[in-house]
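# A structural walkthrough
What follows is each chain in one-letter form.
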Protein chains: 2
Amino acid sequence: MLMKRLFSSSHVFSSSSASSNLLKIGSVLKQARTFADDDVLGYSKLTHDANPLHFDAECAKNAGFTDCLVPGMLVASLFPRIIAAHFPGAIYVSQTLHFKLPVYIGDEIIAEVQAVSIRQIKNKYIAKLSTKCIKRDGPLVIDGEATAMLPSLVMEPPNLEITSS
Amino acid sequence: MLMKRLFSSSHVFSSSSASSNLLKIGSVLKQARTFADDDVLGYSKLTHDANPLHFDAECAKNAGFTDCLVPGMLVASLFPRIIAAHFPGAIYVSQTLHFKLPVYIGDEIIAEVQAVSIRQIKNKYIAKLSTKCIKRDGPLVIDGEATAMLPSLVMEPPNLEITSS
């Protein structure tokens, strides 16, 4: 529960259990986050992105949404965060993002990064990862794929458990 | 010059000139930004991405870089920012990102968004955009494509000029 108090938005950091802490094809790394108003404001100040969809409920409703949206790139930042948390020093090579459904303030989002292929090159590993964000109650909000160069297949921090599907 | 003083990092907002302020195929929208240490720290606090490549020069050098990197997603945030600045209310549909070269603190980055195709659907416009970030001295650092649903082809703010290649 300490983790939740550390961050303004609710923030659970977990991945499912498996015998070893080595990344394997099928391994799934997860993290949940609920974005708050402060996060959206912080994103706008940092990136100077002032799209009214994120701040003007009227504008968002005129565009067909029920309220202001959390910026897609802010939600998508969960992917490099998960990769780096498990593989400090990982080099982010590419990312595709399909923003399928809006994310609103207060929605609990679960980001899932799953190893699809792993290729060793010298002392590094090129991992192709499926990257999805889903709402706690199920619908897929962001879909995509990432490629990262990992310094090792050993996952940090060791107390994390990973799933193998 | 007021714009530069507004933001911690140098920040020029321009696009090239053309007769009308309507987006056309070939129109290029540009924006420059130089990222500072505060931006990288702000990104990490906002996203909880603590990849040592962004903070530990030793780790970055061991990975083959000359210094700490600016996070790729922070640099890529220039794309939705440019789209929303010219088309407030634009809906970000998709983005591909290929991180080709590292970006360091102090590098002036020029983001270019160019209309590749425009399709009208009812009273909205689906624009496919080539999205590139280049360093002031030339090399391409991020390449990709975005799709956005625009409320109109008229570009805001009117005092911006656009190029047509």
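Predicted model only: the values in this text are computed from it and were never measured.

Between chain A and chain B, which share one sequence, the superposing operator has a rotation angle of 180 degrees and an axial displacement of 0.0 Å; the RMSD is 0.0 Å. Given the turn and translation reported, the copies of this chain are related as if by a two-fold rotation axis. For chain A, the minimum C-alpha distance to the rotation axis belongs to Thr96 of chain A and amounts to 2.1 Å. Looking at chain A, 100% of its interface residues are interface residues in chain B too, so the copies touch through the same face.

Another aspect to go through is the side chain of Ser130 of chain A. Residues and elements named next belong to chain A. Position of Ser130 relative to the elements: it lies in strand E5 (residues 124-135). Its relative accessible area of 14% is what places Ser130 among the buried residues. Ser130 has contacts with Glu112, Val113, Gln114, Val116, Gly144 and Glu145, leaving out every residue within four places of it along the chain.

What follows covers the UniProt feature "domain: MaoC-like" in chain A. The sites that carry the UniProt feature "domain: MaoC-like" are, in the present numbering, residues 36-124 of chain A. Within the segment residues 36-124 of chain A, helix and strand shares are 35% and 27% respectively, and the terminal C-alpha atoms sit 37 Å apart.

To continue, consider helix H5 (residues 78-86) of chain B. Of all nine residues in H5 of chain B, nine are buried; the element is thus mostly enclosed. All buried positions along H5 of chain B are accounted for by Leu78, Phe79, Pro80, Arg81, Ile82, Ile83, Ala84, Ala85 and His86 of chain B.

This brings us to unusual backbone geometry. At Lys122 of chain A, a residue that is not glycine, the phi angle is positive and equals roughly 50 degrees. For Lys122 of chain A, a relative accessible area of 77% corresponds to the exposed category.

Structurally, Leu53 of chain A can be placed in the loop between helix H2 (37-47) and helix H3 (57-62). Overall, Leu53 of chain A belongs to the buried group, its relative accessible area being 1%. The contacts of Leu53 of chain A, once residues within four sequence positions are left out, are Cys59, Ala60, Ala63, Phe65, Cys68 and Leu69 of chain A together with Gly89, Ala90 and Ile91 of chain B.

On inspection of all chains with the given rule, the structure shows two aromatic pairs over all chains. Between the aromatic rings of Tyr92 of chain A and Phe99 of chain B, the centroid separation amounts to 4.9 Å while the plane-to-plane angle is 25 degrees, which identifies the pairing as stacked. You can see Tyr92 of chain A sitting in strand E3 (residues 91-99) and its partner Phe99 of chain B sitting in strand E3 (residues 91-99), one on each of two chains. We note that Tyr92 of chain A, like Phe99 of chain B, is buried.

What follows is about the nonpolar core. In terms of nonpolar packing, the biggest core is built from 72 residues, with Leu150 of chain A together with Leu150 of chain B touching the most fellow members. Ignoring any residue separated from it by four or fewer positions in sequence, one finds Leu150 of chain A in contact with Leu23, Ile83, Phe87, Ala90, Lys124, Tyr125 and Ala127 of chain A.

This next bit is on the pairing of E3 of chain A. By the bridge criterion, six bridges tie E3 of chain A to strand E6 (residues 140-150) of chain A in an arrangement that is antiparallel. Across the sheet, Ser94 of chain A pairs through a bridge with Thr147 of chain A, a residue of E6 of chain A. Pairing of E3 of chain A with E3 of chain B involves five bridges; the strand directions are antiparallel. Opposite Gln95 of chain A, over in E3 of chain B, you have Leu97 of chain B as the bridge partner.

At the interface, 36 residues of chain A touch 37 residues of chain B. Taken as a group, Leu46, His48 and Met73 of chain A account for 23% of the area that chain A buries against chain B, more than any other trio of residues on that side. Our count for the contact surface shared by chain A and chain B stands at zero salt bridges. Taken together, chain A and chain B are joined by 14 residue pairs in polar contact (both at pLDDT 80 or more). Elements with a contribution of two residues or more to the side of chain A that touches chain B: H2, helix H4 (72-76), helix H5 (78-86) and E3 of chain A. It is E3 of chain A that contributes the most residues to the side of chain A that touches chain B, nine residues altogether. Taken together, the residues of the side of chain A that touches chain B break down into 20 nonpolar, eleven polar and five charged.

With respect to the helices and strands, the residue Gln114 of chain A is situated in strand E4 (residues 108-121). Spatially, the C-alpha atom of Gln114 of chain A lies 6.6 Å from that of Thr131 of chain A, the residues being 17 residues apart in sequence.

Here we take up the side chain of Thr147 of chain B. Residue and element names in this part refer to chain B. You can see Thr147 is positioned in strand E6 (residues 140-150). Given the relative accessible area of 10%, Thr147 is considered buried. At a separation of 3.5 Å, a polar atom in the side chain of Thr147 contacts the side chain of Lys128. The residues contacting Thr147, other than those within four sequence positions of it, are Ile91, Tyr92, Val93, Ser94, Ile126, Ala127 and Lys128.

The rules we used
- Residues numbered from 1 in each chain as written.
- Chains lettered and ligands numbered in written order.
- Predicted model: local features only at pLDDT ≥ 70, side-chain atom pairs only at ≥ 80, totals over all residues.
- Heavy atoms only, no water.
- Least-squares fit on C-alpha atoms with pLDDT ≥ 70 in both.
- Contact = heavy atoms within 4.5 Å.
- Helix = DSSP H or I, 4+ residues; strand = E, 2+ residues; numbered from the N terminus.
- Buried < 20%, exposed > 50% of the residue type's maximum accessible area, 1.4 Å probe, protein only.
- UniProt positions renumbered as here; feature names shortened; annotations may be inferred.
- Phe/Tyr/Trp six-rings, centres within 6.5 Å; stacked < 30°, edge-to-face > 60°.
- Core = buried A, V, L, I, M, F, W, Y, C linked by side-chain atoms within 4.5 Å.
- Pairing = 2+ DSSP bridges.
- Buried area = accessible area lost by both parts, 1.4 Å probe.
- Salt bridge = Lys/Arg side-chain N within 4 Å of Asp/Glu carboxyl O.
- Polar contact = N/O pair within 3.5 Å; in protein donor to acceptor, adjacent residues only side chain to side chain.
- Nonpolar A, V, L, I, M, F, W, Y, C, P; charged D, E, K, R; others polar.

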